[in-house]
Amino acid sequence: MSLITLSGLTPSSSGIHMGNYFGAIRQWIDLQQAGGAHYFIASYHALTTVRKPELLASNITSVAMDYLALGLDPEMAVIYRQEDVPEVCELSWILSTLTPMGLLERCHAYKDKISRGISADHGLFAYPVLMAADILIVRSNRVPVGNDQKQHVEVTRDIAGKFNQTFSEVFPIPEPLIIEGSAAKVPGMDGQKMSKSYGNDLCIFETEKKLRKKVMSIVTDSKGVEDSKEPDGNTVFELYKLVASRDQVETMADKLRSSGVGYGYGHAKQELHDAILEYFSDARTRRKHLEDNPSQVEEILRDGATRVRPIVESTMDAVRSAVGVSSRPTR
Ligand code: ADP
Ligand code: TRP
């Protein structure tokens, strides 16, 4: 039997950025080949930050188009929206009754907010439990995510173990699959970790003009065109490594290191811009096609909702019966 893989992304902005792609989605694409892959759009999670209904609706569609354009394939993976599986909210409640407060108090999204003196709402506090429900409702064995989500998968493992011990063995204990190396923390324009919440992100499907403006604004040191510059750790070079061929990377490194060759950061940025467009060229073409055919996207999401249903219903039957409520509630 093939392993069940599950992952998702929160549609809190309209575009997937290079950090999301190299830190998480690229791995999802590799894993879908093996079968059993489930990729969803975490709409309810986005409600902790997006409170404009039109914006949330358009972000959801936009993320679906990004997924498909980047190579998530509905022939291989089940692709769906969280709201098409409303039972996650029921499961989330049941799991929350087994979740110690201390476990959630240690979670970074909540802790960071509190440490900055911002009061958090219950949704943000309880968000790792909803994430556990997302994972466990399809009885997932492995969860490919970026490093910053590892803690949440560990919370899921604790909660699943507690459920199995308290009631009966319903859930496998899922493994986080984390990418190591340079893609583990893709830098943003300011050199910090790329994140939509820091406003330093390079979105893959940005217009060429916007992308160029953002690439040109990447922060560098003040060395001039004739100075020797250290490529490693330099944001322009670190991003270039993700999108350029090995030869191109070596050539840029040589040019940066050489002095008196008239090669400055402006030139490197132009090469980075061109390499990003080249790397994502097919995806950008596919994205345009999907924008012109939104009904095709809707159909894929509906089909995903239908295909995920049997596993969701079988898990919820097992959960309800394990805890002692009616396993087929009257609707
Ligand atoms: P953001 O920080 O922009 O809000 P999310 O938290 O929605 O991004 O992350 C979605 C997925 O992409 C997660 O698995 C996360 O670990 C990964 N990811 C996000 N930013 C980066 C980054 N800069 N480098 C590597 N992976 C990232
Ligand atoms: N919290 C994840 C993020 O911000 C999104 C997410 C929600 C998720 N539920 C999930 C990821 C379940 C993996 C599995 O990126």
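Relevant structure appears above.
Note that the structure is a prediction, hence the values are computed from the model and not measured.

1. A look at empty space enclosed by the protein
Tallied over the full model, the rule gives one cavity of 30 Å³ or more. Partitioned by chemical class, the residues of the lining of the largest cavity number five nonpolar, one polar and one charged.

2. As for the layout of surface pockets
Approximately 1,500 Å³ is the volume attributed to the largest pocket. Tyr 127, Asp 148, Gln 149, Ser 195 and Ser 197 are, among the 47 residues lining the largest pocket, the residues nearest its centre. Counting only elements with at least two residues in the lining of the largest pocket, the list comes to strand S1 (5–9), helix H1 (18–32), helix H6 (108–115), helix H7 (122–137) and strand S4 (142–145). The residue makeup of the lining of the largest pocket, split by class, is 20 nonpolar, 18 polar and nine charged. Of the pockets and cavities examined, the second largest pocket occupies roughly 350 Å³. Taken together, 17 residues line the second largest pocket, and the ones lying closest to its centre are Ser 92, His 122, Ala 126, Tyr 127 and Val 129.

3. Some remarks on the site of ligand 1
Around ligand 1 lies a shell of 17 residues, among which His 17, Gly 146, Asp 148, Ser 195 and Lys 196 are the nearest. A distance of 2.2 Å separates an oxygen atom of ligand 1 from a polar side-chain atom of Asp 148. Between a nitrogen atom of ligand 1 and a main-chain N or O atom of Val 186, the distance comes to 2.9 Å. The protein chains hide 91% of the 540 Å² of surface that ligand 1 would expose on its own. With respect to the pocket detection grid, ligand 1 is positioned in the largest pocket. Of the residues forming the shell around ligand 1, the biggest block, four residues, is contributed by H1. In terms of residue class, the shell around ligand 1 is built from six nonpolar, seven polar and four charged.

The rules behind the values
Residues numbered from 1 in each chain as written. Chains lettered and ligands numbered in written order. Predicted model: local features only at pLDDT ≥ 70, side-chain atom pairs only at ≥ 80, totals over all residues. Heavy atoms only, no water. 1 Å grid on protein atoms, 1.4 Å probe; cavity = no way out; pocket = protein on both sides within 12 Å on 5 of 7 lines; lining within 4 Å. Points joined across faces, edges and corners; volume = space filled by probe spheres on them. Nonpolar A, V, L, I, M, F, W, Y, C, P; charged D, E, K, R; others polar. Helix = DSSP H or I, 4+ residues; strand = E, 2+ residues; numbered from the N terminus. Near = heavy atom within 4 Å. Polar contact = N/O pair within 3.5 Å; in protein donor to acceptor, adjacent residues only side chain to side chain. Areas by Shrake-Rupley, 256 points an atom, 1.4 Å probe, with all protein chains shown as cover. Sits in = over half its atoms within 2 Å of the grid points.

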